[in-house]
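Topology and contacts: notes
Each chain, letter by letter, is given below.
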Amino acid sequence: TRDEMQFKNLSVAKKIWALLLVVMGAMLVAGLGMTRYMSSLESHLREGILDMDERMRLVVELRGNIETSASFLVAANLAQDAESTEFFQSKFQAAAQRTSVLVEDVQSHLKTERGRKLFEQVLQSRQKVNEVAEQITVERRNDGNITAMVKTALVPAVQQFIDQLNAIAFVLINQFS
């Protein structure tokens with residue numbers, strides 16, 4: 001055909017230049033595609049890192065808040081006078097409200113079934129701490145041995161709570177997707 005004839009009539013130099021231009025065009029297209037892919041990959045990785053950072057921040061804040069709440073609770077139960085007890089109890093209530101908000105935030109960041117199950121255990125530990133606190137309140141009204149209950153029941157319950165938060169932190173660190 002006519003197009004074939006024109007191609008055959010081109011000099012070797014023009015054919016080489018045409019081939020070179022086609023190769024350069026293909027390389028340009030491939031380069032642009034690779035740049036777009038790398039940009040997308042980098043964006044995805046950045047989002048994953050920021051999400052992981054936020055999850056860790058929440059768990060660390062929750063853990064610190066729980067330790068602070070527990071300190072207020074222990075102090076309220078070991079206080080010798082009503083004024084100190086009331087002061088530490090009010091601090092505990094404020095910290096407990098913040099804990100509730102943080103618990104909801106952490107729950108919203110859980111993505112795996114394992115993480116949800118571990119967090120369910122954390123919530124059960126929190127319930128146990130609240131039950132022990134209620135028992136101590138009842139014991140206080142009955143003039144019982146509060147110090148012994150704090151040492152034998154409350155402190156271990158809080159420690160279990162914190163240990164489970166550490167386990168959830170491990171899950172959140174490794175939950176990169």
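The present account deals with the structure reproduced in this document. Fair warning: this is a prediction, and the values are worked out from it, not measured in the lab. (Residues numbered from 1 in each chain as written. Predicted model: local features only at pLDDT ≥ 70, side-chain atom pairs only at ≥ 80, totals over all residues. Heavy atoms only, no water.)

**Observations concerning the environment of Asp163**
Just so we agree on the cut-off: Strands are runs of DSSP state E lasting at least 2 residues, helices are runs of H or I lasting at least 4, and numbering of each runs from the N terminus.
Structurally, the position occupied by Asp163 is in helix 5 (residues 146-174). The spacing of Asp163 and Ser125 is 38 residues in sequence and 9.9 Å in space, taken between C-alpha atoms.

**What to know about the packing of helix 2 (residues 12-78) against helix 4 (residues 113-141)**
Applied cut-off: Only C-alpha atoms enter the line fits that serve as axes; for helices the fit covers just the stretch in contact. Angles between N-to-C directions range over 0 to 180 degrees. By definition in this entry, angles of less than 35 degrees are roughly parallel, angles greater than 145 are roughly antiparallel, angles of 65 to 115 are roughly perpendicular, and the rest are oblique. In a left-handed crossing the near helix is turned counterclockwise from the far helix by less than a right angle, and in a right-handed crossing that turn is clockwise. Any two residues whose heavy atoms approach within 4.5 Å are treated as being in contact. Amino acids outside the nonpolar list (Ala, Val, Leu, Ile, Met, Phe, Trp, Tyr, Cys, Pro) and the charged list (Asp, Glu, Lys, Arg) are all regarded as polar, and Gly is one of them.
Two elements in contact, helix 2 and helix 4, have axes separated by 11 Å at closest approach and are oriented at 10 degrees. Of the possible angle classes, the one that applies to helix 2 and helix 4 is roughly parallel. Crossing handedness for the pair helix 2 and helix 4: left-handed. Contact residues: helix 2 offers Leu62, Leu73, Ala76, Asn77 and Leu78, while helix 4 offers Phe119, Val129, Ala133, Ile136 and Arg140. Its residues assigned to classes, the contact of helix 2 with helix 4 shows 8 nonpolar, 1 polar and 1 charged.

**Quick look at the side chain of Thr85**
In plain terms, the rule: Relative accessibility thresholds used throughout: buried, under 20% of the residue-type maximum; exposed, over 50%; partly exposed, between the two (1.4 Å probe, protein chains only). Here a polar contact means two N or O atoms within 3.5 Å. Within protein one must be a hydrogen donor candidate and the other an acceptor candidate, and residues neighboring in sequence count only if both atoms are side-chain atoms.
Here Thr85 lies in helix 3 (residues 82-108). Judged by its relative accessible area of 18%, Thr85 is buried. Here Ala76 takes part through its backbone oxygen, which lies 3.5 Å from a polar atom of the side chain of Thr85. Side-chain polar atoms of Thr85 contact the backbone oxygen of Asp81, separated by 3.0 Å. Setting aside anything within four residues of it in sequence, one finds Thr85 in contact with Ala76 and Ala79.

**Section: a nonpolar patch on the surface**
Keep this limit in mind: Exposure above 30% relative accessible area and the lack of any salt bridge qualify a residue for a patch; like charges then connect within 9 Å, and the nonpolar side chains Val, Leu, Ile, Met, Phe, Trp and Tyr within 5 Å. Note on areas: Shrake-Rupley with a 1.4 Å probe; residue coverage comes only from the protein chains shown. The rule for a salt bridge is simple: a side-chain nitrogen of Lys or Arg has to be within 4 Å of a carboxyl oxygen of Asp or Glu.
A contiguous nonpolar surface patch, about 490 Å² in accessible area, is contributed by Met34, Tyr37, Met38, Leu41 and Leu45. Checked against the element boundaries, Met34 lands in helix 2.

**Overview of the side chain of Ser69**
In this structure, Ser69 sits in helix 2. Taking the relative accessible area as the measure of exposure, Ser69 reaches 6% and is therefore buried. When neighbours within four sequence positions are excluded, Ser69 is seen to be in contact with Phe92, Ala95, Ala96 and Thr99.

**What to know about the pattern of salt bridges**
Within this structure, the stated rule accounts for 7 salt bridges. As a salt-bridge pair, Asp51 and Arg55 come within 2.5 Å of each other at their nearest N and O atoms. Within this pair, Asp51 and its partner Arg55 are both found in helix 2, separated by 4 residues, close to a single helical turn.

**Focus on the packing of aromatic side chains**
Stated precisely, the cut-off is as follows: Any two of the Phe, Tyr and Trp rings considered here, Trp counted by its six-membered ring, make a pair once their centres fall within 6.5 Å; the pair's planes then place it as stacked at under 30 degrees, edge-to-face at over 60, or tilted in between.
Per the stated rule, a full pass over the model turns up 2 aromatic pairs. Geometrically, the ring pair formed by Phe87 and Phe88 is edge-to-face, given 5.2 Å between the ring centres and 70 degrees between the ring planes. Phe87 gets classed as partly exposed once you look at its relative accessible area, which sits at 44%. Judged by its relative accessible area of 25%, Phe88 falls in the partly exposed class.

**What to know about the nonpolar core**
This is how it is decided: Residue types Ala, Val, Leu, Ile, Met, Phe, Trp, Tyr and Cys, when buried and joined through side-chain atoms within 4.5 Å, form a set referred to as a nonpolar core.
Counting 31 residues, the largest nonpolar core has Leu62, Phe119, Val129, Ile136, Leu154 and Ile168 as its most contacted members. The dominant element in this core, judged by the number of residues it contributes, is helix 5, at 12 residues.

**So, the environment of Val74**
With respect to the element layout, Val74 can be found in helix 2. For the pair Val74 and Leu118, spaced 44 residues apart in sequence, the C-alpha to C-alpha distance is 26 Å.

**Topic: the packing of helix 2 against helix 3**
Running from N to C, helix 2 and helix 3 cross one another at 160 degrees; their axes reach a closest spacing of 8 Å. For the element pair helix 2 / helix 3, the angle class is roughly antiparallel. Considering only the axes of helix 2 and helix 3, their crossing is left-handed.

Geometric values such as these leave the question of function open.
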